[in-house]
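Chain and residue survey
Spelled out, the chains give:
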Amino acid sequence: MTKIIFENNIGRLCLSGGGDEAWRITKISGLGMADKKYQTVSYFSEAGQKTINERREARIITIAGDVFAAEKWAPRTISQAIKILDKPGWLTIRSNGINRRIRARCSGFENGEVYGNFRKFAMQFCCDCPYFEDVGKDSIALFKKTKEIKSTFNLPKIFTCRTSDGIVVNQGDVEAEPILNIYFGSQIAGGEKVTLTIYNKTTECKLVMFLYPEPDDIVTLDVTNRKIYNDRGENLIADLSDDCSLSKFTLKEGPNYITVTSDVETNLSVVCRFTNRYLEAVC
């Protein structure tokens, strides 16, 4: 049985292909592959055309169905649904073992004619990003430093064991945009310059940061929203090297070999969080 849920901070609207839900789906479109737009050129001396660029369009999802309207509370049900649909939210599709969601806003809602105990309805959603994603995030620790020797001797330099690389597997259909969290330990000297390089050897893209962290700082590189900040809310985008771009640091489909290097001896770890993204959520 197909179930679709639209939710935001206003509330939750559940639609079902059967069962006891007040909102019952009779028809749905827009869950397959989103359309592409192509840029082409043609030459008088050559047959056909050449495609020089392509871009996937925003996704449009249309749902039609019946809402139970036989009870006196039915107008309140429709009124509350309109309030929920007026704000953007997550549209989740559950069907045949699929549990995927997409960010959406309702671009149209229409009440239809009443017949028997039901009233027809139609609603349309526009999704700026056309990809569905898993409900929940994958994560993997990329880089860690831990003490190798534990003793009472004062050594000139702490012996460390470094896990400076890892394989991040993107199981989706398209590239993913990660969130990278850098956790600094309590032993770091406050205000000391730290040069940190995160390199995706698979895509040959890197992010180089020149940071001045305080003890126990957490620095977040949010590729999706093109932001870099610490847990105190300070904007650190200026600490990214001029020859690096957040938008280019993606995880391609399949395994991605990631390395992390630092120029100082400090206890730190880097965690990569991302969601698999899909071309469809076919019911």
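Report follows, based on the coordinates. (Residues numbered from 1 in each chain as written. Predicted model: local features only at pLDDT ≥ 70, side-chain atom pairs only at ≥ 80, totals over all residues. Heavy atoms only, no water.)

1. Describing the environment of Asn276
With respect to the element layout, Asn276 can be found in the loop between strand E20 (268-274) and strand E21 (277-278). With relative accessibility at 2%, the residue Asn276 sits in the buried group. Spatially, the C-alpha atom of Asn276 lies 8.4 Å from that of Phe132, the residues being 144 residues apart in sequence. Apart from the residues within four sequence positions on either side, Asn276 is in contact with Phe132, Glu133, Asp134, Asp138, Val169, Asn170, Gln171 and Gly172. At 3.0 Å, the side chain of Asn276 and the side chain of Asp134 are in polar contact. Among the polar contacts made by the side chain of Asn276, one reaches the main-chain amide nitrogen of Gln171 at a distance of 2.9 Å. (Helix = DSSP H or I, 4+ residues; strand = E, 2+ residues; numbered from the N terminus. Buried < 20%, exposed > 50% of the residue type's maximum accessible area, 1.4 Å probe, protein only. Contact = heavy atoms within 4.5 Å. Polar contact = N/O pair within 3.5 Å; in protein donor to acceptor, adjacent residues only side chain to side chain.)

2. Focus: the packing of aromatic side chains
Per the counting criterion, the structure on display carries 5 aromatic pairs. Ring geometry for Trp23 versus Phe121: centroids 5.0 Å apart, planes at 75°, classification edge-to-face. Of this pair, Trp23 sits in strand E3 (residues 23-29) while Phe121 sits in strand E9 (residues 118-127), and the two are 98 residues apart along the sequence. Neither residue differs from the other here; Trp23 and Phe121 are each classed as buried. What links up through ring pairs into an aromatic cluster is the set Trp23, Phe109 and Phe121. (Phe/Tyr/Trp six-rings, centres within 6.5 Å; stacked < 30°, edge-to-face > 60°.)

3. A look at the sheet that holds strand E15 (residues 194-200)
Strand order in this open sheet of 4 strands is E13-E19-E15-E16, and the pairing throughout is antiparallel. Bordering the open sheet on either side are strand E13 (165-170) and strand E16 (205-211), each of which pairs with just one other strand. Across the sheet, the axes of successive neighbouring strands diverge by a mean angle of 20°, strand direction being ignored. Bridging between E15 and strand E19 (residues 254-262) involves 5 bridges; their strand directions are antiparallel. Note that in E19 the partner of Asn200 across the bridge is Ile258. (Pairing = 2+ DSSP bridges. Axes fitted to C-alpha atoms, helices over the stretch in contact; angles between N-to-C directions.)

Remember that the coordinates give geometry; whether it matters functionally is a separate question.
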